[in-house]
Amino acid sequence: MPLNGLRIVDITSGEDAQTTRLLADLGADVVKVEPPEGSPERLSLPSINGNTVGFALHNANKRSVIFDPVCEDDRQRFLALVADADIVVDSGKRDQSTLFGLSGMELSDRFEHLVVMSMTDFGQDGPRADWLADDPVLVAMSSVLSRSGAPGGPPILPPNGLASSTAAAQAAWAVLVAYYQRLRTGRGDYIDFSRYEAVLQALDPPFGAQGQAAAARGLSTARRGRPNNQDAYPIFSCRDGWVRICILAPRQWRAMRSWLGEPTEFQDPKYDSISARAIDFPRLRILIAELFASQPGEELVAQGASRGVPVAAILAPADVASCEHFISVSAWTDVDMADGTTITVPDGCTVIDGTRAGVRWLAPQPGNAASTWTERPRAMLSADQPSRPLSGLTVLDLGVIVAGGELGRLFADMGAEVIKIESPTYPDGLRQARPGQMMSESFAWTHRNQLSLGLDMRAKGGGDVFSRLVSQADMIFANFKPGTLTSLGFSFEALQQINPCVILTESSAYGDVGPWSTRLGYGPLVRASTGITQLWATEDPADPDSQYPFSDAVTVYPDHVVARLAAIATLAVLIRRRSTSRGAHIHISQAETAISQLGVLYATAWARNAGTAVVEDLTLRGVYPCAGDDEWCVVTIASDDDWNTVTTALGACELAEEPHFASMSDRWQHQTRMKALLADFTGRFDATALADSLQRGGVAAAPMLRGTDILDEPQVRARRLYSEMTHPLFDVALPTETGPAKYRHIRPVDLRPAPLLGENTVEVCQRRLDMDSSELDRLISDGVLFAAKRPTPTDEEQPA
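Residues numbered from 1 in each chain as written. Predicted model: local features only at pLDDT ≥ 70, side-chain atom pairs only at ≥ 80, totals over all residues. Heavy atoms only, no water.

The name that an unreviewed UniProt entry assigns to the chain is Acyl-CoA transferase, with the source organism given as Mycolicibacterium holsaticum. The UniProt entry for the chain carries this comment under Sequence similarities (unreviewed entry): "Belongs to the CoA-transferase III family." (UniProt positions renumbered as here; feature names shortened; annotations may be inferred.)

> Any details on helix α25 (residues 640–650)? Residues and values, ideally.
Taken as a whole, α25 has its buried residues at Asp642, Trp643, Val646, Thr647 and Leu650. For α25, the arc enclosing every buried residue in end-on projection is 125 degrees, short of the 170-degree limit, so these residues lie on one face. In α25, the exposed positions angled more than 90 degrees off the buried face are occupied by Asp641 and Thr648. Among the structural elements, β23 (631–637), α26 (653–656), α27 (664–669), α28 (671–682) and α29 (687–696) are those in contact with the buried residues of α25. Directly after α25, the chain includes Gly651, whose backbone phi takes a positive value near 65 degrees. (Buried < 20%, exposed > 50% of the residue type's maximum accessible area, 1.4 Å probe, protein only. Helix = DSSP H or I, 4+ residues; strand = E, 2+ residues; numbered from the N terminus. Arc of directions from axis to C-beta. Contact = heavy atoms within 4.5 Å.)

> Any details on the sheet that holds strand β14 (residues 350–352)? Residues and values, ideally.
The mixed open sheet is built from 9 strands, whose spatial order is β15-β14-β21-β20-β19-β16-β17-β18-β28. Edge positions in the sheet fall to β15 (355–356) and β28 (785–786), since each of these pairs with one other strand and no more. Sheet analysis places strand β20 (residues 503–508) next to strand β21 (residues 584–589), joined by 6 bridges and oriented parallel. Bridge assignment links Thr505 to a residue of β21, and that residue is Ile586. Sitting on the sheet, helix α15 (residues 401–413) is in contact with β16 (394–397), β17 (417–422), β19 (475–478) and β20, with an inclination near 150 degrees to β19. Here helix α17 (residues 462–470) sits on the sheet in contact with β16, β17, β18 (451–455), β19 and β28, set at roughly 145 degrees to β18. (Pairing = 2+ DSSP bridges. Axes fitted to C-alpha atoms, helices over the stretch in contact; angles between N-to-C directions.)

> Can you break down the nonpolar core residue by residue, with the values?
In summary, soluble globular proteins display a tendency toward joint burial of nonpolar side chains. Membership of the largest hydrophobic core comes to 169 residues, with the highest contact counts inside it found for Trp173, Leu176 and Phe411. No other element matches helix α6 (residues 162–185), which puts 15 residues into this core. One finds Ile476, Ala478, Val784 and Leu785 within the second-largest nonpolar core, a separate group that totals 31 residues. (Core = buried A, V, L, I, M, F, W, Y, C linked by side-chain atoms within 4.5 Å.)

> Let's hear about the domain arrangement of the chain: which residues, and what values?
Taken domain by domain, the chain consists of domain 1 (1–130), domain 2 (247–309), domain 3 (394–515 + 559–595 + 753–786), domain 4 (620–703) and domain 5 (710–743). Taking only C-alpha atoms into account, the centre of domain 1 sits 33 Å from that of domain 4. (Domains from an automatic or database assignment.)

> If you had to explain the packing of helix α9 (residues 250–259) against helix α11 (residues 281–292) to someone new, which residues and values would you point to?
The N-to-C vectors of α9 and α11 enclose an angle of 60 degrees; their axes lie 11 Å apart at closest approach. By the criterion of interaxial angle, the relationship of α9 to α11 is oblique. Crossing handedness for the pair α9 and α11: left-handed. Within the contact between the two elements, α9 uses Trp253, Met256 and Trp259 and α11 uses Leu284, Ile288, Leu291 and Phe292. (Parallel < 35°, antiparallel > 145°, perpendicular 65-115°, else oblique. Left-handed = near helix turned anticlockwise from the far one by under 90°.)

Shown next, in the form of structure tokens:
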């Protein structure tokens, strides 16, 4: 694995341990520091035969050492371990490092080479710095919750763990960027990492890359109503369940229209546009519903594939476990827990040169390793002073829409020269703007800091131009359907013939091998076919006016997470390449990403279905109405103390004395009634005031925020998460994130405007390929290259 020899001290707690697990999967030597009695998380639920599933998975592929912070010898051994480490990841205000005498910042000060990341729920400072954030709090305050639920109904929480795993992916990217910077400068860094800020950026951001459908409709913050449109990625009942379709490109719409029998009322060419179809979708939905109702889901998926219409059946987690595709690609693995019990778990989503970066072993017994480091390859250090961590690196970016676009953006923000390659015939779907727009806000957010090269790789001579670029590139990014690059003559083997050091990073809906590898797929279809759509649904009877009970339509998860995992793997290979000069072929499956990120949920569900006894987590996570129009608050009751705090804050003494709610198990058994009674009390309170009161009592709670609320949220403002990005094609500045985390030595992101298609063609070809004017003119005339200029104001529009 590419990170062999990287030394990481893990003093995290809770969900934060997923961050170092991601790096351990890629080969890092991660040492988990535990107290003599073992980490408290080893006792959390759910568990199997006394083994905590979450701890086992989140600490897989790590070693464990026991240090007693009360013992002076152990304090010195801890410091000796840290002195020879590369990275320390701590859980900030819940940290263990202060028990050994030094905070994370003080460790960074003492050991100049060290990269230290302190992970906290809301960051080290600001008015919410002391708040608690579990998954419901994170999704409520990031605006994701406000985009769920049927119109008129309550918002619906996503599967538990989705937000925490997203934060972990962002954290792994942030800390690896700092380590790469250290390899170049010799200087470490201190990172103040906020899980809340990570979820705002990487789950389904209110200001950032959106799905093609959302991009065509406009800013996600444009209206207060919830949800904006549940039919962005519509779901239909069929003979044996439900299916979802994603009709985005004009060719997909025409294929759907043909399937419907070419209805006269939809022949107008305007319906090639997503926005036009959205206006008339109520009529269109009736036609599709009638077509699908009598057919089985599997047949609809097959027909869609043959016609070029993206369709996916909505599966349950149990269906996913036995799915032929996932079994054929070994997406799951059987592993032994500490007592020898075998369970089936997701085995990661990243494949590097044909080898899966997955589970080698579950969390070890406490203290299974010596408090010394293993031998490691010699790291190649340099003493340059780069302006940005990744400056000097070149990316040829063929990625499209969200997962592809975000990957290039992550590297561009950190200083790499990212050359986005597209043609007028096959432009990026995010360029699909509203009538009168030259660029969508989503494209502007996703492709800032990049250059655009208009190149038709299918044209005669296009492959030659691309080959010349490959010879100078460090990385190539693509998220086409598997086989597309090969069909263009650029398999990984062919690329290595041109440039043996090049890294090819690809992602696709279902991976590059297996029965589903050629299926058309987008994030919404991936969620449907992996069980997430079914898990993200109301537990109550569906409203008679709602089309379906599912609530994940207005999100593109897991696209943003896929981009970050691809970025982590790519940077890991770049780190290895410094000492080996070897490139690599990386491929990430979106479907396997979604399931791996919710590994605890799936592993326990599969164990339960196999007849294994599971001790359940009785934590009650709920969404409760508050005073006002469509105002809500999330509240988590994880203990008897939480219950007492909640009933006291609500003035609900009668509930505290109710015998049916006397214990955790009682409340779990009667949770429907309990939540209904609590809702009678919460409806009297302002959502923010109630959350603040509960947080002061140590209960995880938060108001539901909409996109329009985020910029004025006190913690966001205090931490300056967003900056204003100006673009000559927009009348107003776009709020834009300033970096993956708060670094001590890495400055905030530059904000150069996203280019028009082909805006930098001439400059790139002259500077990189030494093309003269005659060659450029010929290639443009032949349609191999395309060059565009950004429009300038007319004389009448010029200021006086």
